[in-house]
There are 2 protein chains.
Amino acid sequence: MTRPPDETGIETLIQLMSRLPGLGPRSARRAVLAMLKRRAQVMAPLAQSLAEVALNARDCRICGNISTADLCPICQDPSRATGELCVVEDVADLWALERAGVFRGRYQVLGGTLSALDGLGPEELGIPRLVARVSDEAVTEVILALSATIDAQTTAHYIADALTVTTAQITTLAQGVPVGGELDHLDDGTLGAALRARRKL
Amino acid sequence: MTRPPDETGIETLIQLMSRLPGLGPRSARRAVLAMLKRRAQVMAPLAQSLAEVALNARDCRICGNISTADLCPICQDPSRATGELCVVEDVADLWALERAGVFRGRYQVLGGTLSALDGLGPEELGIPRLVARVSDEAVTEVILALSATIDAQTTAHYIADALTVTTAQITTLAQGVPVGGELDHLDDGTLGAALRARRKL
């Protein structure tokens, strides 16, 4: 069995593409073929954009967001110094909150949850730095916007404990029925949490 | 609603990625984030590989396959001058046949099917060039490996007509039950074709 475009670098490109999440070997091949057919319009601009971002992207020195400057646009924006600090697990969560446009304060990205197995302790997640930041920036509210998984909730409790030395109020996201969610498709845990946290209409 | 990494080129990259087949806006964002987290190991090599292929890839002068030389590896390989010529619609079909490793002759890629709407006539599909090639290279068999769609079959009939001026035998792929296919999941057309083309055991 011979693969035709061997020495041409095309197979290497397909392999690299197939490592991206959401793309397997088949869809990577399809994507590469689609690019090969529109080299000037699709492939060249994508290659250039990738190279530029790969060269310029860096982690924000303060919050851990990814941008192309030493300080990300959010940390640079003086109107976002609201005294509210939102702690998220991952840059993806920060982007999701920004897309929703519901939060006008600043962020701190942990980069994971506490895990002895993965060698992620408080130091690796920047928790001492977070505590120092809450004091230094006179943060009034720390919102722990972590996932509802056991690992993330353990991490949230650890952070809440560590923050008792500061005067900031500590809050967490509400649990309940998702907007547009149907009751009979919800798991028992969510249904229970929604019932316990019921409010007056 | 503000999108944080606006002026950083990251949004542009996500938009370019989301134009690839199989990737929507969400999965493009996920793929870009995964790359951003592993810039040195994933993003930079991919950018370089893309740039190289975009710069070097070209259509084979003879068969239309995509490679990085004026003549593709198949057209350059003297052992593949078997007198058998396989006509396919698309480079993807050529690659699929090569992956299967079942054909040792050469190819001709049409680049589509006859379509007045898309301005694809015999000239655009290279059919006159195909007829000339069959005579010049003393091809003994032309295999029309086109899809079983109406457009592709119309094109196949047109090509068969055009090739009557040559002495080459004209064949087409067998229709029938796919290997591993279950009868009760097959459509009636395939079942009928398989029954009509039944053979002695």
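Residues numbered from 1 in each chain as written. Chains lettered and ligands numbered in written order. Predicted model: local features only at pLDDT ≥ 70, side-chain atom pairs only at ≥ 80, totals over all residues. Heavy atoms only, no water.

### Section: the interface of chain A and chain B
Listed per partner, the contact involves 55 residues of chain A and 55 residues of chain B. Interface area, chain A with chain B, both sides summed: about 5000 Å², of which 74% is carbon and sulfur. Here chain A is connected to chain B by four salt bridges. Salt-bridge contacts for Lys37 of chain B lead to Asp90 of chain A; the nearest nitrogen and oxygen are separated by 2.8 Å. (Contact = heavy atoms within 4.5 Å. Buried area = accessible area lost by both parts, 1.4 Å probe. Salt bridge = Lys/Arg side-chain N within 4 Å of Asp/Glu carboxyl O.)

### What to know about helix α5 (residues 91–100) of chain B
Listing the buried residues of α5 of chain B in full gives Val91, Leu94, Trp95 and Glu98 of chain B. Burial along α5 of chain B is one-sided: seen end-on, the buried residues are contained in an arc of 95°. If you follow the buried residues of α5 of chain B, they end up packed against α1 (10–17) and α2 (25–37) of chain A together with β2 (66–67), α4 (73–76), β3 (84–88) and β4 (106–109) of chain B. The N-terminus of α5 of chain B is capped by Asp90 of chain B, whose side-chain oxygen sits 2.9 Å from the backbone nitrogen of Ala92 of chain B. Following α5 of chain B by one or two positions, Gly101 of chain B has its phi on the positive side, about 65°. (Buried < 20%, exposed > 50% of the residue type's maximum accessible area, 1.4 Å probe, protein only. Helix = DSSP H or I, 4+ residues; strand = E, 2+ residues; numbered from the N terminus. Arc of directions from axis to C-beta. Polar contact = N/O pair within 3.5 Å; in protein donor to acceptor, adjacent residues only side chain to side chain.)

### A look at α2 of chain A
Since one α-helical turn is 3.6 residues long, residues separated by three or four positions face the same way. Taking 1.5 Å of rise per residue, 13 residues should cover 18 Å, and α2 of chain A covers 18 Å from first to last C-alpha, within 8% of that figure. Restricting attention to buried positions, one finds in α2 of chain A the residues Ser27, Ala28, Arg29, Ala31, Val32, Leu33, Met35 and Leu36 of chain A. Of the surrounding elements, those touching the buried residues of α2 of chain A are α1 and α3 (39–56) of chain A together with α3 (39–56), β2 and α5 of chain B. (Expected span 1.5 Å × (residues − 1).)

### Structural notes on the pattern of salt bridges
Between side chains of opposite charge, a pair can form when the charged atoms approach closely. All names here are of chain B. Counted under the stated rule, the structure contains twelve salt bridges over all chains. Between Arg29 and Glu11 there is a salt bridge whose closest N-O contact spans 3.3 Å. Taken as a pair, Arg29 in helix α2 (residues 25–37) and Glu11 in helix α1 (residues 10–17) lie far apart in primary sequence, 18 residues in all. We note that Arg29, like Glu11, is buried.

### A closer look at the relation of the copies chain A and chain B
Taken as rigid bodies, chain A and chain B are interconverted by a rotation of 179° and an axial shift of 0.0 Å, the fit giving an RMSD of 0.1 Å. Here the transformation between the copies is reduced to the relation of a two-fold axis. Among all C-alpha atoms of chain A, that of Ala47 of chain A lies closest to the rotation axis, at 2.6 Å. (Least-squares fit on C-alpha atoms with pLDDT ≥ 70 in both.)

### With respect to the side chain of Arg106 of chain B
Residue and element names in this part refer to chain B. As for its position among the elements, Arg106 is in strand β4. Buried charge without a partner: Arg106 forms no salt bridge, and the closest opposite charge is Glu137, 4.6 Å away. Those residues within four positions of Arg106 in sequence are excluded, and the remaining contacts are Ile74, Cys75, Asp77, Pro78, Arg80, Ala81, Glu84, Leu85, Cys86 and Arg133. (Lys, Arg positive; Asp, Glu negative; His and termini not counted.)

### Structural notes on the environment of Val87 of chain B
Residues and elements named next belong to chain B. Topologically, Val87 is positioned in strand β3. In sequence terms Val87 and Ile159 are 72 residues apart; their C-alpha atoms lie 9.6 Å from each other. Residues within four places of Val87 in sequence aside, it is in contact with Gln108, Leu110, Leu130, Val142, Ile143, Leu144, Ala145, Leu146 and Ile159.

### Some points on the sheet that holds strand β5 (residues 141–144) of chain A
Strands in a sheet are paired, the pairing made by backbone hydrogen bonds, and the direction either parallel or antiparallel. Residues and elements named next belong to chain A. Spatial strand order, β4-β3-β5-β6: four strands in an open sheet with parallel pairing. Sheet topology places β4 (106–109) and β6 (169–172) at the edges, where each strand pairs with a single neighbour. For this sheet the average axis-to-axis angle between neighbouring strands, irrespective of direction, equals 25°. Direction of pairing for strand β3 (residues 84–88) relative to β5: parallel, over a ladder of four bridges. Each residue of the ladder has a partner; that of Glu84, found in β5, is Glu141. (Pairing = 2+ DSSP bridges. Axes fitted to C-alpha atoms, helices over the stretch in contact; angles between N-to-C directions.)

### Quick word on the domain arrangement of chain A
Under the domain assignment used here, chain A contains domain 1 (10–56) and domain 2 (66–200). A C-alpha centroid distance of 34 Å is found between domain 1 of chain A and domain 2 of chain A. (Domains from an automatic or database assignment.)

### What to know about the state of the cysteines
Disulfides are covalent bonds that link the sulfur atoms of two cysteine residues. All names here are of chain B. Applying the stated rule across the entire model yields zero disulfides over all chains. For the unlinked cysteine Cys63, the closest cysteine sulfur is that of Cys72, found at 3.6 Å. Free of any disulfide, Cys75 has its nearest neighbouring cysteine sulfur in Cys63, separated by 3.7 Å. Cys75 gets classed as buried once you look at its relative accessible area, which sits at 9%. (Disulfide = S-S within 2.5 Å.)

### Comments concerning the confidence of the model for chain A
All names here are of chain A. Looking at chain A as a whole, the pLDDT averages 90, with 97% of positions reaching at least 70. Within chain A, helix α8 (residues 188–196) has the poorest average pLDDT of any element, 85, and β4 the best, 96. Across residues 1–5, where pLDDT falls below 50, the model places 17 contacts with residues more than four positions away in sequence or in other chains. In the predicted assembly, ipTM is 0.79 and pTM is 0.77. (pLDDT = per-residue confidence, 0-100.)

### A closer look at the sheet that holds β4 of chain B
Residue and element names in this part refer to chain B. Pairing in this open sheet of four strands is parallel, and the strands run β4-β3-β5-β6 from one edge to the other. Either end of the sheet is taken by a strand with one partner, and the two such strands are β4 and β6 (169–172). Within the sheet, the average angular offset between the axes of one strand and its neighbour, ignoring direction, is 25°. Relative to β6, strand β5 (residues 141–144) runs parallel, the two sharing four bridges. Following the sheet pairing, Val142 is matched in β6 by Ile170. This element, α5, spans β3 and β4 of the sheet and lies at about 160° to β4.

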